[in-house]
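# Structural features, examined
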Amino acid sequence: MSSLSRELVFLILQFLDEEKFKETVHKLEQESGFFFNMRHFEDQVQAGEWDEVERYLCGFTKVEDNRYSMKIFFEIRKQKYLEALDRQDRAKAVEILVKDLKVFASFNEELFKEITQLLTLDNFRQNEQLSKYGDTKSARNIMLMELKKLIEANPLFRDKLTFPPFKSSRLRTLINQSLNWQHQLCKNPRPNPDIKTLFTDHTCSPANGARPPPPGNSPLVGPVPKAGVFPPLGGHSPFQPVVSPSPGAIAGWMAATNPSLPHPAVAAGPPSLMQPSTAAAFLKHPRAPTGVTGMDYQSADSEHLMKRIRTGQSEEVSFSGVSHTPNAYSQDDLPKTVVRTLSQGSNVMSMDFHPQQQTILLVGTNVGDISLWEVGSRERLAHKPFKVWDISSCTMGLQTALLKDAAISVNRCVWAPDGLLLGVAFSKHIVQIYAYNPTGELRHHLEIDAHIGGVNDIAFAHPNKQLCIVTCGDDKTIKVWDAQAGRRQYTFEGHEAPVYSVCPHYKENIQFIFSTAIDGKIKAWLYDCVGSRVDYDAPGHWCTTMAYSADGTRLFSCGTSKEGDSHLVEWNESEGSIKRNYSGFRKRSLGVVQFDTTRNRFLAAGDEFQIKFWDMDNTNVLTVVEADGGLAASPRLRFNKEGSLLAATLIDNGIKILANNDGLRLIRMLESRIADGSRGPSEPSKPLIVNALGPVSTVSTSVAPTLERDRIPPAVSISNLASMENSRLVDVKPRVSDDVDNKIKVWKMPDIVDQSQLKALRLPDPMTASKIVRLLFTNSGLALLALASNAVHKLWKWQRTDRISGKSSAYVVPQLWQPPSGTLMTNDVSDTNPSEEATACIALSKNDSYVMSASGGKVSLFNMMTFKVMTTFTSPPPAATFLAFHPQDNNIIAIGMEDSTIQIYNVRVDEVKTILKGHQKRITGLAFSQSLNTLVSSGADAQLCAWSIDGWEKKKARFIQAPHGRSSPLIGDTKVQFHNDQIHLLVVHESQISVYDSNLECLRSWYPKDSLPAPITSAIYSCDGLLVYAGFSDGAVAVFDADSLRLRCRIAPSAYIPSSSTSGSSVYPLVIAAHPSEPNQIAVGMSDGVVHVVEPSDAEPKWGGPPPAQENGSLPSNSSNHQPSDLPAR
């Protein structure tokens, strides 16, 4: 059944319910199987209408469908059986036993025997498991709670538990709309039509040959649509409208989407006599993909077929995140401070920031070349002059054009949404698509001879969940191409002038494209062959571009007329009219004004050698920035994704980068990398770390498995950067002399022994002290989660205020957070394996909404908002000792076990896919590398094993090397963590910190010695991958350079542990956590149950440093002074 036929059933269900046809409603629910009415089901269960209950259920599932269904039917029949026994109706009980319950005997014969033995008891409550069985009503209510959870967990009920949200009497409304249109299309419409039947189309009899004005009201409901309003797209009228649309009408088919409601779910255990006292909620099952083309429901007399593209969610387990209130923005959020000036060498025609790597800027010029800039270091990562890759495959038109005039310009360059491809549209015929490797390499991917004449715009879109390329050109067409093979999929014709821009978007799962032409016409297209859905005029009637706000809810356009009048407007999509017209432009602009949007709040446009900013909700200019002068007359603008940086073109073929406070912070972070003496001038900057030591969820990336590259651009996201004190943001432009002085200064202070040399905060904790065995920051950096040896979790949250960012900090005391219910997150524990002695493990979801954890008992899944257990699994023995998420499939978890095996567990279907064997002792570490397609495991046997993710076969195994003077082989807990390059591996053992390569070859090691002689308790990379933090059993903390493992500084216990805490016993760090975006902030979990957050002092904003580089007797030069040598000679 097509998707719209399904929707029609929902409309009929609503109509029947409103008309009080209750039995018919439930019959249709059952027969269609589209909507499971939980309220009706509850009523039937509480009334004991067991036959009706099973009949209704059978419309959705059968006993044998899956284990959830089996348990649902078992619980119902068991309750029916017990009620018969309670009534002393033995004959009925025997009938139920033979006819209804015997089917379960083949699955659990012992249980069936136990149920049968109840017939021999005078009162079945004599059975120990049924001793707490109350009266019938309470028993039904208890069972009903269990049934509801099982139904919500059952994948067969996916998307069937919530009735779609739409307005009341929707079917009547649609019928009236149809009648209104039929009446409006009558040759002789009468003022008060008499609608007598719905079985045939409505027509009015002639009234003296004259056509009166359209009727004001319909006899059923509602007014007739006003003449001039374009009909909604996808309407099912068999007639084409005869009324011309108003010039500014946008079709009303782009209403805001309704968010789907998450359904709680439970894990269905085996059938039993009594439900568990606490039924756990299982993982939410999302809807299956529906990204297929569906045919609209057709009326009886309609021959017009229309296609609607629908996309669905990815097939993975997802968890509802926490909704946050919108941030209050101010002018300080606007990037207004100039931090970089880049010399491109040619007139810049187009720019686009990388969607993930916030400081990578793509630039296209008027001579056809493209460049990639790392704006933080001022380094040009790649430069590609224009060249036709395969002239023989080009059309004669392009070959002739190039022979006549070899000059060619970039009209538009843009990144694909995932940042793995980039597209370039040229002024003659072709587009070129490059594949981008995060190491900075560009590879040829596709070259398409796309249009006759210039290709004026290019964009990426996802119709049918397939990445496509959308282009437009001088030949008045819009074309859609497959992004993998370059095959043309659609050609849209209808413009009467060259098409200037395209804007792909989607709403309500409808994919569409806006296009603008140089005659001022705006059209909208679905991915079909029906033609344009809207046709209206843009203000200015010339060159116009369109863009949505980042959240896709607000539509803007900006254009300039031939006379130079510029117009920046917001559209009211539902009414097809201009909602706001922003003022502040020069009367006669000196070029086509370009604009951009950011943060769902601000607009920016280049005009009068300035950058003008607007608040989206205010038509007056918010502020104007000249960027220290030198801007082009109508500068081209582009924000990065976070809105922290803004690129603007200059009059002298350059680019200025402007930053807000977050952008300044980001640039300062990159400057600190350049200034570090541990790295040579050509050494790469490295992306943020993607998986932390310990069971933190691994972030999916696509980093190529290459050991050596010329450059590795940093993948830094401002959303992960905490705010910084203004005093630390002074002088954002680096000076080599200052860097030299700073290097020498910090190098002279490697040992921190006094509390005045750093900032340390002991987190408040009134709870009973128990040593901290696991510790991690949330991915947002707003909270810190600890797991104590008594199996209790503790969560500290930093509060957001007007002056405080909400990011974790040693300068602000957080709150030990608990839900209003006062519930504690406490792991299941085993009687045979006390939590104090068990190996604890923990893993946090990527959106911080749930946590998986174990302390010797079952693995528990907790809701981070309510602290409630959603489900438990993998009962010991053996106990789980380590958890890690698969980088590509959130449903797959690698679980290290106490018996030395690794279980690859699918949480969605609740089954172990495979068991990996190769260690001799318990698993103590797991780390995924997506680029190597590898899982590396470590154990208490001090062995490393590498496993292929594809087939889970063992690729290599190696015992770690014993230090000199220590017996081999080693034993003891060994932890592993991939560097953010996804290639190098940090290996931590009490005897050493080592770095291994992808072949498990040891590259370098550091062993406890000198001022750090004690065994190592924990170690972890900093978020930027430049540092390694390590804790020691004597209380010290050390900071190492990640590349060389040279000691940068030692933090003595006296520096961060108050003297009152150290009296009487030896306190030391058991675990260290690195902040996800603050490379110099750590949290330390102590053996006495205390947690400290530690940062450098304001006087020394980073931890120590290695000796200055002695090669050639000087420090590395600052890369900002390096000018690229491959600039075009023009």
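As a starting point, this report considers the structure included with it. In this text the structure is predicted, and so the values were computed from the model without any measurement. (Residues numbered from 1 in each chain as written. Predicted model: local features only at pLDDT ≥ 70, side-chain atom pairs only at ≥ 80, totals over all residues. Heavy atoms only, no water.)

Glancing now at the sheet that holds strand E58 (residues 1047-1051). Taken in spatial order, the five strands of this open sheet run E33-E58-E57-E56-E55, and their pairing is mixed. Single-partner strands in this sheet number two, and they are strand E33 (751-752) and strand E55 (1016-1021). One ladder, built from five bridges, connects E55 with strand E56 (residues 1027-1032); its direction is antiparallel. Its bridge partner lying in E56, Ala1019 is registered against Ala1030. (Pairing = 2+ DSSP bridges. Helix = DSSP H or I, 4+ residues; strand = E, 2+ residues; numbered from the N terminus.)

Every buried residue belonging to helix H3 (residues 38-47) is among Met38, His40, Phe41, Glu42, Gln44 and Val45, and all of these are buried. Structurally, H3 contributes buried residues whose contacts are with helix H2 (22-32), helix H4 (50-57), helix H5 (67-86) and helix H8 (136-153). Sitting at the head of H3, Asn37 places a side-chain oxygen 3.2 Å from the backbone nitrogen of Arg39. (Buried < 20%, exposed > 50% of the residue type's maximum accessible area, 1.4 Å probe, protein only. Contact = heavy atoms within 4.5 Å. Polar contact = N/O pair within 3.5 Å; in protein donor to acceptor, adjacent residues only side chain to side chain.)

Here we come to the environment of Phe426. One can find Phe426 in strand E11 (residues 421-426). Phe426 sits in the buried class, given a relative accessible area of 1%. Between the C-alpha atom of Phe426 and that of Gly368, which follows or precedes it by 58 residues, the distance is 7.1 Å. Residues within four places of Phe426 in sequence aside, it is in contact with Gly368, Phe386, Ile408, Ser409, Val410, Asn411, Gln432, Gly454 and Val455.

What follows covers the pairing of strand E24 (residues 566-572). Most of E24 sits inside the fold, with six of its seven residues counted as buried. Where strand E23 (residues 555-560) meets E24, six bridges bridge the pair, whose relative direction is antiparallel. In the strand pairing of E24, Gly559 is matched with His567. Here E23 folds back onto E24 in antiparallel fashion, the turn holding five residues, of which Gly564 has a positive phi close to 100°. Bridge analysis of E24 against strand E25 (residues 577-582) gives five bridges, and the strand direction is antiparallel. In the sheet register, Glu570 faces E25, and the bridge partner there is Arg580.

Spatial ordering of the open sheet is given by E39-E40-E41-E42, a layout of four strands whose pairing is antiparallel. Lying at the two open borders of the sheet, with one neighbouring strand each, are strand E39 (841-844) and strand E42 (869-873). Taken pair by pair, the neighbouring strands of this sheet meet at an average axis angle of 15°, ignoring direction. Summarising the sheet, strand E41 (residues 859-863) and E42 pair through four bridges and their orientation is antiparallel. In the strand pairing of E42, Leu861 is matched with Thr871. (Axes fitted to C-alpha atoms, helices over the stretch in contact; angles between N-to-C directions.)

Before going further, it helps to examine the environment of Leu198. With respect to the helices, strands and loops of the structure, Leu198 is situated in the loop between helix H9 (170-184) and strand E1 (265-266). Sequence spacing of Leu198 and Ile175 is 23 residues, and the spatial spacing of their C-alpha atoms is 8.5 Å. Setting aside its immediate chain neighbours within four residues, Leu198 contacts Ile175 and Leu179.

All told, the structure shown has 34 salt bridges when counted by the stated rule. Between Lys80 and Asp100 there is a salt bridge, and its shortest N-O distance comes to 2.9 Å. Here Lys80, found in helix H5, pairs with Asp100, found in helix H6 (residues 90-101); they are 20 residues apart in sequence, far enough to count as distant. On the basis of relative accessible area, Asp100 is assigned to the buried category, the value being 16%. (Salt bridge = Lys/Arg side-chain N within 4 Å of Asp/Glu carboxyl O.)

Burial within strand E59 (residues 1069-1074) is extensive, with five of its six residues counted as buried. In terms of strand pairing, E59 meets strand E60 (residues 1082-1086) through five bridges, oriented antiparallel. Looking at E60, one finds that Ala1073 is bridged to Ala1083.

Buried together is how nonpolar side chains tend to be arranged in soluble globular proteins. In this structure, Phe36, Phe41, Leu57, Tyr81 and Leu101 are the most contacted members of the largest nonpolar core, which totals 42 residues. Those elements giving two or more residues to this core turn out to be H3, H4, H5, H6, helix H7 (109-117) and H8. Those residues in contact with Phe41 that lie beyond four places of it in its chain are Phe36, Val53, Leu57, Ile76, Leu144, Leu147 and Ile151. (Core = buried A, V, L, I, M, F, W, Y, C linked by side-chain atoms within 4.5 Å.)

All right, on to H6 then. All of the buried residues in H6 are Ala93, Ile96, Leu97, Asp100 and Leu101. One side of H6 carries all its buried residues, which in axial view fall inside an arc of 115°. Seen from the buried face of H6, the exposed residues on the opposite side, beyond 90 degrees, are Ala91 and Lys99. Those residues of H6 that are buried lie in contact with H5 and H7. (Arc of directions from axis to C-beta.)

What follows covers the side chain of Glu374. Here Glu374 shows up in strand E8 (residues 370-374). Separated by 2.9 Å, the side chains of Glu374 and Thr359 make a polar contact.

Before going further, it helps to spend a moment on the environment of Val792. With respect to the helices and strands, Val792 occurs in the loop between strand E36 (783-788) and strand E37 (793-797). Here the alpha-carbon distance between Val792 and Asp828, two residues 36 residues apart in the chain, equals 9.7 Å. In contact with Val792, not counting residues within four places along its chain, are Met767, Ala786, Leu787, Met825 and Thr826.

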